[in-house]
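Structural overview
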Amino acid sequence: MEAHNDKSEEVDNLIHQEQEIQHLNNPVDISIKPIEKQYLGQVKKVKKEGNKFYFSDGNSRVEIRVVSDHIIRVRLAPQGVFLDDFSYAVPEVDQKVSVFKMQEHDDCYTVSTHSVTCKIVKSNFHISFLDNVTNLVMVDEYNSMHWEENTDFGGYYIYSTKKCNPEENFFGLGDKSGNFNLRGRRFENWNTDAYSFAWNQDPLYRTIPFYIGVHNQAAYGIFFDNTFKSYFDFGAEEINKTSFWADGGELQYYYIHGPHMMDVVKRYASLTGTHPMPPKWTFGYQQCRWSYYPETKVKEIAKQFRDRKIPCDAIYLDIDYMDGYRCFTWNKKYFPDPKRMIKELADDGFKTVVMIDPGIKVDDDYWVFKEGKENKYFCRRSDDYFMEGHVWPGRCQFPDFTNPKVRKWWGKLYQELVDIGVAGFWNDMNEPAVFGSGTFPNDVRHNYDGYRGSHRKAHNVYGMQMVRATYEGLKKIMRNKRPFTITRAGYSGMQRYASVWTGDNIATWEHLKIGNIQCQRLSVSGVPFCGTDIGGFSGEPDGELFSRWIQLGTFSPFMRAHSAGDTAEREPWSFGEFFEDINRKFIELRYRLLPYLYSVFWEHHRYGFPILRPLIMLEQEKISNHFRQDEFCYGDKLLICPVLEQGAISRKVYLPKGTWYNFWTHEVLVGESEYLVDANIDSMPIFVRAGSVIPEYPVMQYIEEKAITEVVLNIYHAEYEVNSFMYEDHGDTFAYEQDIYLEKKFTVKGDDHHLKITQSSEGLYTPNYELYDVNIIGVKFQVNRVIVDSKEISDFFIDDKSCLRFKCNKVFSEMQLI
Ligand code: MIG
């Protein structure tokens, strides 16, 4: 390009070029007809129907629906007729509401619950949301919702533009690369096979059109439940505007009230659901590679784990286990007797997880293709041709997972794999990915559960409906056993059916950072069971990077190492003994902390808490926390500070309010302050909230290797009262739905000459062990007496780490240290 002195001209040129490129990518934009923006006029009519209020300007209508005390839904019907009220994300819209009312004022109408008020201005139809307690305006419209007619496909492009406050910051959107705070950026949602994605690359694999805004120390959420290609702009185009829009569908969004970010996240979960309890073994370390084959290789890997005493619960078989990449078949050359192999692995404590892709090979001698063809289960183009594309097996057709009949069929296909003992299923390529073109063309038709649509509407839910078919099918096949599924693509609500991994990352330090942020982002966006490919999928990590990744992965809800086929072998021992020892130490830590990790999962499942909690969730009133993205809490009690820099031997850590214990040294630090802490390669800063009770299991080579005879209770002294929870159950059934579980609550309360711990429990499950091995950390006074349920314990002692130790029966209700 020629050198220009005039900067603005250069910028103009660039913008022009960019627009041209956009035109090429998006043929819809080149229609010659001028696009006419249409806005709502004045409010002229109002009607009430139960918890729904209809406001009309004479032509268009807006529905305001009181979903709960804290959630209000807005819908727009440009020509007065609403679309069918169907959502894959929200199975049931209405929740419990205590009271709500509508009032007319001089200039506006208000619809309010006891906590939030939605205001509709008569003159210009601007809609805003206010907090009833503080009177703060949480969200205000910049201009009324607007739309543009779509002459090519019908319907409208739909837009909502809000005011973006000067100090407002934004979080969420599920699967995005780049900084945790979204302010100043624009995003697109279109599920994409984003092999080796970069920092700030967008879009990626999943669509979660939900964000959280925080300003004036208060948080709210917006869930734009629209499956079409959608866009979000957080003050990028214009600093004072936040907007979201979509290529079609209904302008429909939920306003979710805070004021704490935790409230918003939990309420979003109340709409879209939480993750069912996964089988307990899935909390263990999992080993994957593209691909382990033949059988001798799989066996050798398994043996190495056991010989080297590195715990591991699962081994994955990537696409090469299949016969010519045909799903639900085996390559008999590599795996002559899969049933026997899986049994032998299981006898040694390994679960087998296999991949299943959506592309079904066009092959009349292949039973899955034949069944799909006979029953018309495959997707078709607008002119009725089959949707055909090339993926791993060659020419493929693709089931329409948005058809309930197809889902049912798909779910049954897993029967044989389950019968021979496969324990988990990995659904890949379900964006859907197609070689060459990337994905399906827009004109592909979908059943959309009877509500019909083109691929424009179904693209972003395709993967979610695939893994839903998988999960629901498995649930039937496995009777009352918990299925384990993992998906790459998804849409809001996918957490009801599957765990996720973040896709094809790279073995770089930058990707370690991206992954750390991605998992936190998924967590606040309702997707709890997530993890990265530990070590990086493509490229070669060195021992240091791999060990740092194992350390982060220890505190990823889903912990799995994976690597691409063209990389060097990548198991925890691949980098020599020095790193192997570090990797073992952290994988063992994962197994030790299992009862804690399991309890945190239960808190998610039952109450909608996220598993990973970024610092802003702990202290949103502190603006600097809006920009912190390294440290996070795992559950409520452990603060994790992954080391993300090559060569680091220490790192800075911010500790929020309260008192914290260094997990390794037991040093006590006071929060609301930054510290420089040791972070040698064999260590990673971990802090425990004072007053916590952290249960611990003995190290095992796989979950439930041995019967547990006692559980260590690590009790951290505090000078105030703190609650902790511990959850236990059978580990692999849905009996918890019938109250067969045990939820224990501990309270710890201390001062400088006294410590009291109480225990109470709920539920009908009885674990087999009898004893607690009590480990009290940080007692600052001379303990003279230990009294458990008014009986004196005489054989307590101080161990080499200055902790006070004794054993007691697991059913104690109160213990006192004096
Ligand atoms: O086109 O199955 O993200 O985890 O190993 C690549 C082979 C297909 C992409 C997945 C990756 C998996 C790989 N798959």
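Residues numbered from 1 in each chain as written. Predicted model: local features only at pLDDT ≥ 70, side-chain atom pairs only at ≥ 80, totals over all residues. Heavy atoms only, no water.

**Some points on the confidence of the model for the protein**
Residues at a pLDDT of 70 or more form 96% of the protein, whose mean pLDDT is 95. Counting interchain partners and residues more than four positions distant, the pLDDT-below-50 stretch residues 1-25 has 8 contacts. (pLDDT = per-residue confidence, 0-100. Contact = heavy atoms within 4.5 Å.)

**Notes on unusual backbone geometry**
With an omega of 10°, the peptide bond running from Gly258 to Pro259 counts as cis. Mapping Pro259 onto the fold places it in the loop between β19 (251-257) and α2 (261-272). In this structure, Pro432 follows Glu431 across a cis peptide bond, with omega equal to 0°. Along the polypeptide, Pro432 turns up in the loop between β26 (424-427) and β27 (445-446). (Helix = DSSP H or I, 4+ residues; strand = E, 2+ residues; numbered from the N terminus.)

**Points about helix α12 (residues 594-607)**
Over its 14 residues, α12 extends 20 Å from the first C-alpha to the last, a length consistent with the 20 Å expected when each residue adds 1.5 Å. Along α12, 12 of the 14 residues are buried, which leaves the element largely enclosed by surrounding structure. Along α12, the residues classified as buried are Leu594, Pro595, Tyr596, Leu597, Tyr598, Ser599, Val600, Phe601, Trp602, Glu603, His604 and His605. Of the residues one or two after α12, Gly608 is the one with positive phi, at around 80°. (Expected span 1.5 Å × (residues − 1). Buried < 20%, exposed > 50% of the residue type's maximum accessible area, 1.4 Å probe, protein only.)

**Some points on the nonpolar core**
Residues Phe223, Trp330, Ile356, Trp410, Phe555 and Phe806 are the most contacted members of the largest nonpolar core, which totals 191 residues. For this core, the element with the highest residue contribution is helix α8 (residues 455-477), accounting for 10 residues. With 42 residues, the next largest nonpolar core counts Phe55, Cys164, Phe234 and Tyr255 among its residues. (Core = buried A, V, L, I, M, F, W, Y, C linked by side-chain atoms within 4.5 Å.)

**Comments concerning the packing of aromatic side chains**
Applying the stated criterion across every chain yields a total of 76 aromatic pairs. Ring geometry for Phe232 and Phe234: centres 6.1 Å apart, planes at 15°, overall stacked. Look at Phe328 and Trp410: their rings are 5.3 Å apart centre to centre, the planes differ by 80°, and that puts the pair in the edge-to-face class. Taken as a pair, Phe328 in the loop between β21 (314-317) and α4 (338-347) and Trp410 in helix α6 (residues 404-412) lie far apart in primary sequence, 82 residues in all. Take Trp410: its relative accessible area is 0%, and that puts it in the buried class. The cationic tip of Lys280 hangs over the ring face of Tyr598; the distance from NZ or CZ to the ring centre is 4.9 Å. (Phe/Tyr/Trp six-rings, centres within 6.5 Å; stacked < 30°, edge-to-face > 60°. Lys NZ or Arg CZ within 6 Å of the ring centre and 35° of its normal.)

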